[in-house]
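Read off the chains here:
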Amino acid sequence: MPEPSSFAFTTYYDERKNVLVNEVRVAAAYTPTEDSPAPAFQEYEAIWDTGATRTVITRRVVEDCNLKAIGMSRVRGVNDVRSAEAYLINIRLLNDVEFGNLRVIGNERLSGGADVLIGMDIIGAGDFAVSNYQGRTTFTFRCPSQERIDFLPPEERPPEYR
């Protein structure tokens, strides 16, 4: 997976949330050069889902960004296995944390009205933490991973993780 251009961001909520949502920007995949400017990025609402293996985009993103399918992928959902079109995108998270040439899966729509679902292909590339301190949800992400996040005291960890 390509390294992002920046390192971290945090999203704060004034209440406890069961769904983690923030804005992302998507463009057709490109490799930036001095001679060719980046394509226009479109802004969408994204849901963060640690239960999803890959990032998913809706038909709206495909059409807005004029994406062309690069092939098909087998998708395992909760109730079925099916084939879905795959696309290459560049995606910018908050604070310009960017992933380039990311292979994503197309879907007609996503629950909750979001147009992008951030999966473990992105989440697993860095450090991701959620806190609900004082009834307010905060989630933070950084890439690349910089250290192990572990809430156990060192003496309670397995020897190989102390």
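Scroll up to find the structure.
Here is a short report on the structure shown in this document. (Residues numbered from 1 in each chain as written. Predicted model: local features only at pLDDT ≥ 70, side-chain atom pairs only at ≥ 80, totals over all residues. Heavy atoms only, no water.)

## Overview of the pairing of strand β6 (residues 81–92)
One ladder, built from four bridges, connects strand β2 (residues 20–28) with β6; its direction is antiparallel. Its bridge partner lying in β6, Val-26 is registered against Ile-91. Sheet topology note: the strand β5 (residues 71–76)/β6 ladder contains six bridges and is antiparallel. Bridging from a neighbouring strand, Arg-76 pairs with Val-81 of β6. (Pairing = 2+ DSSP bridges. Helix = DSSP H or I, 4+ residues; strand = E, 2+ residues; numbered from the N terminus.)

## Concerning the sheet that holds strand β1 (residues 8–12)
The antiparallel open sheet is built from three strands, whose spatial order is β1-β10-β9. With partners counted over all chains shown, the strands left at the sheet margins are β1 and β9 (127–131), one partner each. Neighbouring strand axes in the sheet, compared pairwise and without regard to direction, differ in orientation by 10° on average. Looking at chain direction, β1 and strand β10 (residues 138–142) are connected through five bridges and run antiparallel. Bridge pairing in β10 places Thr-10 opposite Thr-140. (Axes fitted to C-alpha atoms, helices over the stretch in contact; angles between N-to-C directions.)

From the geometry alone we can't say anything about function, so treat these as descriptive.
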